[in-house]
Amino acid sequence: RGVGSAAIMRRLLSALVLFAASAAFADLTLVNEAMTNGETRTVTLSAKGNRAFFELKDPDGSTRQMLRDSEQKKLYLINHEKKTVLVVTETDSKALEEKQAEFRAQMQAQLARLPPEKRARMEATMLGGADGKAPVYTYEKKKSATRKVGTFTCQDYVIKRDGKAHGEACLMAWKDAGLSADEFKALMVKALPSAGSSQPMTSSFDAHAGAPGFPVWRKMVDEAGKTTSETTLK
């Protein structure tokens, strides 16, 4: 218990946001195949009422799980190998949020010493944007016709971050997904502890909820055009 588990919590929360967290939606299960750093993982998110269950299966077979109770405002980090459950409360989350704010202030002070161009790149990568401002994501529809990814029909888009290419996505129309962009964002916020509303988490919410549709397939790239992650809805 407590913010000593901050690193574990950050990894799980980041994965939850990245891979599809409409977690407070009743009786919903989402399964994604996710590739990062050359390794493919299976990410499952199940939700019923105010509870959301998140599972990440690594290539070596190890499994990490998280249970979020938004009504009780508690997060349970489950380790089957060690037979332990770590409980993170709302108070813990707020303490973590304060530590994140302190870390950002320290980073900004260090980045201020860098040349302007390098500083801008580092701010965008580490802090979510210059001076901590949320980056602006836009989606440009490709001329190609809709296509199938598994059993889902979707339309291809180019993702841009602050006007620069940041990846590609094949998006399913919100009406076909059964929820709106605003509902998607509201559900993501409800599923996470209070720390989930801080930067850069909020920009992740805005990036996904501001998309023209629900992500069936998505590939993100860095400034050099190298793929950093790829997710496919199964």
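K.L.:
Help me get a handle on the pairing of strand E2 (residues 39-48), residues and values and all.
P.N.:
Pairing geometry for strand E1 (residues 28-36) and E2, over nine bridges, is antiparallel. Each bridged residue has a counterpart across the sheet, and for threonine 29 the counterpart in E2 is serine 46. What sits between the antiparallel neighbours E1 and E2 is a turn of two residues, in which asparagine 37 has the positive phi angle 55°. Of the strand pairs in this sheet, E2 and strand E3 (residues 51-57) are connected by seven bridges, and their pairing is antiparallel. Within E3, the position partnered with threonine 42 by the bridge is lysine 57.

K.L.:
Kindly report on the pattern of salt bridges, identifying the contributing residues and their values.
P.N.:
Going through the model one piece at a time under the given rule, you end up with nine salt bridges. Here glutamate 168 and lysine 219 are joined by a salt bridge, their closest N and O atoms 3.6 Å apart. Of this pair, glutamate 168 sits in strand E10 (residues 164-173) while lysine 219 is found in strand E11 (residues 213-221), placing the two residues 51 residues apart along the sequence. Through salt bridges with shared partners, a single network forms among Glu39, Arg41, Asp58 and Arg64.

Parameters and conventions
- Residues numbered from 1 in each chain as written.
- Predicted model: local features only at pLDDT ≥ 70, side-chain atom pairs only at ≥ 80, totals over all residues.
- Heavy atoms only, no water.
- Pairing = 2+ DSSP bridges.
- Helix = DSSP H or I, 4+ residues; strand = E, 2+ residues; numbered from the N terminus.
- Salt bridge = Lys/Arg side-chain N within 4 Å of Asp/Glu carboxyl O.

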